[in-house]
Amino acid sequence: MDAEKAGAQVIAVHEPGPGHTAGLVRGDVLLQFGPSRIDTAADLARAVSHARPGSRSRSPCATTTAATSR
């Protein structure tokens with residue numbers, strides 16, 4: 001994203017994969033990953049690196065117009 005907006009924009013989702021299973025689509029903006037607030041892509045990478053494989057997380061995100069028409 002840019003310096004004025006929080007979050008990390010999803011640019012690709014692997015199929016099959018955990019992001020796809022969670023319903024993420026290209027253009028979604030992740031605002032939180034588990035307990036971690038996400039302001040940048042680096043924040044998301046750090047939060048994901050600390051997550052245990054196979055663990056589940058609820059992550060609020062802002063969805064794109066394309067995502068809401070699924």
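Cut-offs and rules
Residues numbered from 1 in each chain as written. Predicted model: local features only at pLDDT ≥ 70, side-chain atom pairs only at ≥ 80, totals over all residues. Heavy atoms only, no water. Core = buried A, V, L, I, M, F, W, Y, C linked by side-chain atoms within 4.5 Å. Buried < 20%, exposed > 50% of the residue type's maximum accessible area, 1.4 Å probe, protein only. Contact = heavy atoms within 4.5 Å. Helix = DSSP H or I, 4+ residues; strand = E, 2+ residues; numbered from the N terminus. Salt bridge = Lys/Arg side-chain N within 4 Å of Asp/Glu carboxyl O. Arc of directions from axis to C-beta. Polar contact = N/O pair within 3.5 Å; in protein donor to acceptor, adjacent residues only side chain to side chain.

A. Structural view of the nonpolar core. Counting residues in each nonpolar core, the largest one holds seven residues, listed as Ala8, Val10, Leu24, Leu30, Ile38, Leu44 and Ala47. When neighbours within four sequence positions are excluded, isoleucine 38 is seen to be in contact with Ala6, Gly7, Ala8, Leu30, Leu31, Gln32, Phe33, Asp43, Leu44 and Ala47.

B. Spatial organisation of unusual backbone geometry. Residue proline 16 follows glutamate 15 across a cis peptide bond; omega there is -10°. Mapped onto the elements of the fold, proline 16 is located in the loop between β1 (8-9) and α1 (18-21).

C. The arrangement of the pattern of salt bridges in detail. In total, this model carries two salt bridges according to the counting rule given. Of the charged contacts, one joins aspartate 39 and arginine 37 as a salt bridge, the two residues approaching to 2.8 Å between their closest N and O atoms. Taking relative accessible area as the criterion, aspartate 39 reaches 31% and is therefore assigned partly exposed. The class for arginine 37 is exposed, based on a relative accessible area of 60%. Two residues, arginine 46 and aspartate 43, come together in a salt bridge whose shortest N-O distance is 2.8 Å. On the criterion of helical spacing, the pair formed by arginine 46 and aspartate 43 is a turn pair, its members being three residues apart in helix α2 (residues 41-50). On the accessibility criterion, arginine 46 (44% relative accessible area) is partly exposed.

D. Seen up close, α2. Regarding α2, the residues found buried are Asp43, Leu44 and Ala47. On an axial view of α2, the arc spanned by its buried residues comes to 100°, and they lie on one face. Across α2 from its buried face, at more than 90 degrees, point the exposed residues Ala41 and Ser49.

E. Layout of the side chain of aspartate 28. Within the secondary structure layout, aspartate 28 lies in the loop between α1 and β2 (29-30). Using a relative accessible area of 1% as the deciding quantity, one classes aspartate 28 as buried. A polar side-chain atom of aspartate 28 sits 3.1 Å from the main-chain amide nitrogen of valine 25.

F. Inspection of the environment of valine 10 at higher detail. Within the fold, valine 10 resides in the loop between β1 and α1. The spatial distance from the C-alpha of valine 10 to the C-alpha of valine 25 is 7.0 Å, given a sequence separation of 15 residues. Each residue touching valine 10, except ones within four places of it in the same chain, is listed here: Val25, Arg26, Gly27, Asp28 and Leu30.

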